[in-house]
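Coordinate inspection notes
Listed below, chain by chain, are the residues.
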Amino acid sequence: MLTAILAAFVGGIILNLMPCVFPVISLKALGILRHEGDVKSARTEGLGFLLGVIFTMLALAAILLALRAGGTAVGWGFQLQSPMVIAVLALIILGAALNLLGVFEVGLSLQRAGEISVGRGAFVRSALTGALAIVVATPCSAPFMAGAVGYALVQPPLASLAIFLSLAIGFAAPFTLISLFPAIAKRLPRPGAWMDILKRGLAFPMLGAFAWLVWVLTQQAGTTALLAILISAVVVSFAAWLYGMAQRRRYIGQSYKALLAVTVVLFIAAVSPLPGVMHVQPSQPDLQHVENITQVKWSPQTVAEMRGHGKAIFVDFTASWCITCQVNERTSLSTAAVKRALASTGTVYMVADSTKFNADIDDAMSTFGQGGLPLYVVYPADGSAPKVLPQVLTPAIVIDALNQASGKKA
């Protein structure tokens, strides 16, 4: 139990460096810079972020544990298997980008419209940043973390929540420590006009995250959902622009309520049709053809039938929403060296795609004590015990594992 708690804490710290968290790094960076040399404000930012992370993590963990107790096979990042959740998250990310661009403001009294200021809403804004960071971080699983989450999912509820709490504290620790300790915070750059430029520039990683989520949504729900989310994005952007104008009219004492009412109507009109079109489309095999490589659609029955019959098996547990999976695909699995190793060893290559909910995949991951993606499993040709590879791959790691599994000398 103590090992799992420590692994979750270390994994939470490392999670800050994983690709899935990069889109929200802009929000975390702005949170650090907003303190403007004010130690009290910096601590407010830090505590808000910490509590937002902890509350959201425990809420997600409670839902996850409740679903599993009800018999549903779900794991870390389960909410991203729902097209509706993806659509809502995409619009939230788009809203965050528009906010960074100065289209509208959140948590500010508009003393200086569009400028970065701590304002009275600093705590709430920072807490919401922490909540968003956790939701966006769930597509990834860091080293040490997957085993801890897998262990947590088979423990009693209180023990599980303790592990998830440790994960949340680890994730929030770097940002919170910088905010809480004046000696660290005072070393940060002093505020100036450059911050306003930085604020707008950091909107573009958020727009990149929006584009990624729209792509994932298309994989899950098809082109009808794509059309719906793009129309919603345009209308929501227009509503945000009107809301920004209403804020400014209110600030200078002009009438703003009619404009605000139009904003609300447009926002409702943009999001209300989404539940009707956000449905998972039937899965279709989508394996890339590689010459001389045996590719088989994954299922637990197929693995059981093919094990121990003279061929090694490589299973890639992946999903479109798992950014670490996509990075490993580009940097390792799709390289010419790995393809040659797959062909020369005669390894059977299987993809277990969890972009859409698949109870068999979640059950299989649980048997390996893994609570999240990515997961790479190599079954030796002689039918002996399978080997789980690291979550961050290199071509050398994969090639060595394939050679060992097939009985071929490197």
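In this numbering scheme, every chain counts its residues from 1 along its sequence in written order. Since the coordinates come from a predicted model, pLDDT governs what is reported: local features require at least 70, and pairs of side-chain atoms require 80 or more to be given and counted, while whole-chain, interface and lining totals use all residues. Side-chain metrics in this entry use all non-hydrogen atoms of the structure; hydrogen atoms and water are not considered.

**Topic: the UniProt feature "transmembrane region" (unreviewed entry) in the protein**
Per the UniProt entry, the sites bearing "transmembrane region" (unreviewed entry) are residues 6-25, 46-66, 86-110, 122-146, 158-185, 197-218, 224-246 and 258-278 in this numbering. Strands are runs of DSSP state E lasting at least 2 residues, helices are runs of H or I lasting at least 4, and numbering of each runs from the N terminus. Taken end to end, residues 224-246 comprises 100% helix and 0% strand; its first and last C-alpha atoms sit 33 Å apart. UniProt positions are given in the numbering used here, feature names are shortened, and annotations may be inferred rather than shown by experiment.

**Digging into the packing of helix H9 (residues 193-201) against helix H10 (residues 203-251)**
With axes taken as lines fitted to C-alpha atoms, and helix axes fitted only over the stretch in contact, angles between N-to-C directions fall between 0 and 180 degrees. Between H9 and H10, whose axes approach to 4 Å, the crossing angle comes to 10 degrees. Judged by the angle between their axes, H9 and H10 are roughly parallel. Across the interface between the two elements, Lys199, Arg200 and Gly201 of H9 pack against Ala203, Phe204 and Pro205 of H10. For classification, angles of less than 35 degrees are called roughly parallel, those exceeding 145 degrees roughly antiparallel, those between 65 and 115 degrees roughly perpendicular, and all remaining angles oblique. We call two residues contacting when some pair of their heavy atoms lies within 4.5 Å.

**A word on the pairing of strand S4 (residues 375-379)**
Counting buried residues in S4 gives five out of five residues, a clear majority hidden from the surface. Only protein chains enter the accessibility calculation, which uses a 1.4 Å probe; a residue is then buried when its area is under 20% of its type maximum, exposed when over 50%, and partly exposed in between. Residues of S4 alternate between two faces, with Leu375, Val377 and Tyr379 on one and Tyr376 and Val378 on the opposite face, all of them buried. When DSSP finds two or more bridges between two strands, those strands count as paired. Bridge count between S4 and strand S5 (residues 387-388): two bridges; the pairing is antiparallel. Within the sheet, the bridge partner assigned to Val378 lies in S5 and is Lys387.

**Overview of helix H11 (residues 257-271)**
Helical geometry: 3.6 residues make up each α-helical turn, so side chains three or four residues apart lie on a common side. Here the expected length of a helix is defined as 1.5 Å per residue gap, with one fewer gap than residues. Its 15 residues give H11 an end-to-end C-alpha distance of 21 Å, which sits within 8% of 21 Å, the value for a rise of 1.5 Å per residue. Every buried residue of H11 is accounted for by Leu259, Thr263 and Ala270. Around the axis of H11, the buried residues are gathered within 45 degrees of arc, so they sit on the same side. Among the exposed residues of H11, those pointing more than 90 degrees away from its buried face are Lys257, Ala258 and Val265. Its buried side turned inward, H11 meets H10 and helix H12 (274-277). Here the arc refers to the set of directions running from the helix axis out to each C-beta atom.

**Describing the nonpolar core**
Ranked by size, the top nonpolar core spans 71 residues in total, and within it Ile93, Trp298, Phe314 and Phe317 carry the most contacts. Residue contributions to this core peak at 16 residues, all from H10. Split by domain, this core shows at least three residues from each of two domains, domain 1 (1-278) and domain 2 (296-406). Filtering out sequence-adjacent residues up to four positions away, Trp298 remains in contact with Val303, Val315, Phe317, Met350, Val351, Ala352, Asp360, Ile361 and Ala364. Counting residues in each nonpolar core, the second largest holds 32 residues, with Ala4, Ala7, Ala61 and Ala148 among its members. Nine residue types can take part in a nonpolar core, namely buried Ala, Val, Leu, Ile, Met, Phe, Trp, Tyr and Cys, and a core is a set of them joined through side-chain atoms within 4.5 Å. Residue ranges assigned to each domain were obtained from an automatic or database domain assignment.

**What about the packing of aromatic side chains?**
Stacked, tilted and edge-to-face are the three classes assigned to paired rings of Phe, Tyr and Trp, where Trp is represented by its six-membered ring and a pair needs centres within 6.5 Å; plane angles under 30 degrees give stacked, over 60 edge-to-face, the rest tilted. For the structure on display, the rule yields six aromatic pairs. On the basis of an interplanar angle of 25 degrees and a centroid distance of 6.3 Å, the ring pair of Phe314 and Tyr376 is categorised as stacked. Of this pair, Phe314 sits in strand S2 (residues 313-318) while Tyr376 sits in strand S4; the two residues are 62 residues apart in sequence, bridging distant segments of the chain. This pair shows no difference in class: Phe314 is buried, exactly as Tyr376 is. Among the aromatic side chains, those forming a connected cluster through ring pairs are Phe314, Tyr349 and Tyr376.

**Thoughts on a nonpolar patch on the surface**
There is a patch of nonpolar side chains on the surface, built from Leu47, Leu51, Phe123, Val124 and Leu128 and spanning about 460 Å² of accessible area. Secondary-structure elements contributing two or more residues to the nonpolar patch are helix H3 (39-69) and helix H5 (122-137). Ranked by residues supplied to the nonpolar patch, first place goes to H5 with three residues. Following the sequence through the fold, Leu128 ends up in helix H5. Note on Leu128: relative accessible area 53%, which makes it exposed. The patches described consist of residues with a relative accessible area above 30% and no salt bridge, like charges being joined within 9 Å and nonpolar side chains (Val, Leu, Ile, Met, Phe, Trp, Tyr) within 5 Å. Areas reported as accessible are Shrake-Rupley estimates using a 1.4 Å probe. Residue values count occlusion only from the protein chains shown. The working definition used for a salt bridge is a side-chain nitrogen of Lys or Arg within 4 Å of a carboxyl oxygen of Asp or Glu.

**Focus: the state of the cysteines**
The disulfide criterion is simple: two cysteine sulfur atoms within 2.5 Å. With the rule as written, the count across this model stands at one disulfide. Note on cysteine connectivity: Cys322 is disulfide-linked to Cys325, with sulfurs 2.3 Å apart. Because the sign of the S-S torsion sets the handedness, a value of about 80 degrees for the bond joining Cys322 and Cys325 places this disulfide among the right-handed ones. What makes Cys322 buried here is its relative accessible area of 0%.

**Quick word on the packing of helix H1 (residues 2-15) against helix H7 (residues 157-180)**
Working note: a packed helix pair is described by the angle between its axes plus the distance between those axes. Two numbers describe how H1 lies on H7: the axes approach to 7 Å, and their chain directions differ by 30 degrees. The hand of the H1/H7 crossing is right-handed. Contacts between H1 and H7 involve Ala4, Ile5, Ala8, Phe9, Gly11, Gly12, Ile13 and Leu15 from the first element and Ile163, Ser166, Leu167, Ile169, Gly170 and Phe171 from the second. Of the residues belonging to the contact of H1 with H7, the class tally is 10 nonpolar, four polar and no charged. Here is the rule for handedness: rotate from the far helix to the near one, and if that takes an anticlockwise turn smaller than a right angle the crossing is left-handed, while a clockwise turn gives right-handed. Classification convention: Asp, Glu, Lys, Arg as charged; Ala, Val, Leu, Ile, Met, Phe, Trp, Tyr, Cys, Pro as nonpolar; all other residues, Gly among them, as polar.

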